[in-house]
Structure formats: structure tokens, C-alpha cells
Amino acid sequence: YHVQIIRWYSDYGAPPGMALLHHRLGFHSGLFAVAALLDRGLLTGRSGIVVILSAVAICLWFGAVQLLRAWRTPEPGTLFWPAYLLLALCGLETTLVSDYPDTLLILYIGAAFWMIWRWRERGLARQACWTMLLLGAAAMNIKLSGVLFLGFVFLVTTLCTGPTWRRSFAYGGFSLLLIAPVLVIQGIT
């Protein structure tokens, strides 16, 4: 059903009431919108796979770079990404060459964890709070279940800066502002 929704996006956009045709057409992802941009010519029907394989290729390249760094100086920060890739890709063997947003979400969450960890190591977590919330909201754009990751990032952000009501409301409002387009699209369809 992912191929059909990508095709629908490339032909008509996101019209209201698609879930009324079939409940599976009600699941939306930013991945499908990006894939719809590429759904032309030889890529017709395969554009979702191209997006996922591009992300996997970039992640593997970065993992190789991190392994080379770890070869010289093995540290937890440099070994995290290759270890995460090994575990994630072993679990994703059947969906690796598909257009499932789960693959992209799993890779994205690992990359975001790595970035948050590195910011924390360098003492920049307090300054990067708004960026962390942006990363969390982007996970929700990939797949609606990314809201759990957004909640985790919201908790980490609040704890990094010291929990106060004012900051909690500011971070919560910013998060809602970032995820509003996703919620509107989910509500329309």
C-alpha cells in the first residue's frame, strides 16, 4: 500500500478523505511525499526504495568513517554508530529494500541519539535544546509513532536545562508548532 499512496501523492497530492477509500491510505509520512517527487520515468513505483536505499547508503558510509576513527582511538562515541547500524540492519533485513518508513525512522532515531550523545559529551546539550526538539519533531514527520521519540527528546531537553514550568511550556509549544502540519494532514485525510 505504500506504492499506491506514493503514486497518489505524485498524481494528486494529499486530497482529503483518502482514508475513507481504504484505511491504509490514511497513514501518511514525509517519506511518501519525498518519494512522490521522484516518482517519474524509470523510478515510477520504485521511488520509495530509492529514498530508503539512499539513507542506508549514507548511514553505511558514515559508519565506515566512524569505524576508521575507532580503529585509531576506540571510544564509545565513535563505536556507537557502527554498533547501532549492525544491530539495526540485522533486524531490518527484510525491510531494508522497501519503502517502509520504519527503516528510515529506525536509522533516524539512531542518528539523533548519536548527535544528542555527542552534544552531551561536549557540554553543548543545554545550547542545543531547540535543535533536539526539532530532531524529535522530524521523527514524527517520518512516521506518526515518532511521537514517542519526540516525547523522549522533550524529556531530555527539559532535564538538560533544569525543569521549570516556563521552559516546559516553551518547549511544549515549540514542539506542537513543529508537529502541527503532520497533525493537520492526519486530520484531513
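The sections below set out a description of the structure shown in this document. (Residues numbered from 1 in each chain as written. Predicted model: local features only at pLDDT ≥ 70, side-chain atom pairs only at ≥ 80, totals over all residues. Heavy atoms only, no water.)

Attention now moves to the overall build of the protein chain. The helix and strand tally for the protein chain stands at nine helices and zero strands. What you see in the protein chain, going N to C, is helices and strands ordered as α-α-α-α-α-α-α-α-α. The burial tally for the protein chain puts 41% of its 189 residues in the buried class. As presented, the protein chain carries roughly 10800 Å² of accessible surface, and 71% of it is formed by carbon and sulfur atoms. (Helix = DSSP H or I, 4+ residues; strand = E, 2+ residues; numbered from the N terminus. Buried < 20%, exposed > 50% of the residue type's maximum accessible area, 1.4 Å probe, protein only. Areas by Shrake-Rupley, 256 points an atom, 1.4 Å probe, with all protein chains shown as cover.)

So, on to the environment of A111. Residue placement: A111 occurs in helix α6 (residues 101–121). Taking the relative accessible area as the measure of exposure, A111 reaches 25% and is therefore partly exposed. Sequence spacing of A111 and W81 is 30 residues, and the spatial spacing of their C-alpha atoms is 7.5 Å.

Our focus in this paragraph is the packing of aromatic side chains. Counted according to the given criterion, the structure contains nine aromatic pairs. Look at F62 and W114: their rings are 5.1 Å apart centre to centre, the planes differ by 80°, and that puts the pair in the edge-to-face class. Remark: W114 occurs in helix α6 and F62 occurs in helix α4 (residues 47–72); sequence separation between them is 52 residues. The exposure class assigned to F62 is partly exposed, which follows from its relative accessible area of 23%. Judged by its relative accessible area of 16%, W114 is buried. Between W81 and Y84, the ring centres sit 5.7 Å apart and the planes meet at 20°, which makes this aromatic pair stacked. Here the residue W81 and the residue Y84 both occupy positions in helix α5 (residues 76–91), the gap between them amounting to three residues, near one helical turn. Residue W81 shares its accessibility class with Y84, and that shared class is buried. (Phe/Tyr/Trp six-rings, centres within 6.5 Å; stacked < 30°, edge-to-face > 60°.)

Function cannot be inferred from these measures alone, as they are strictly geometric.
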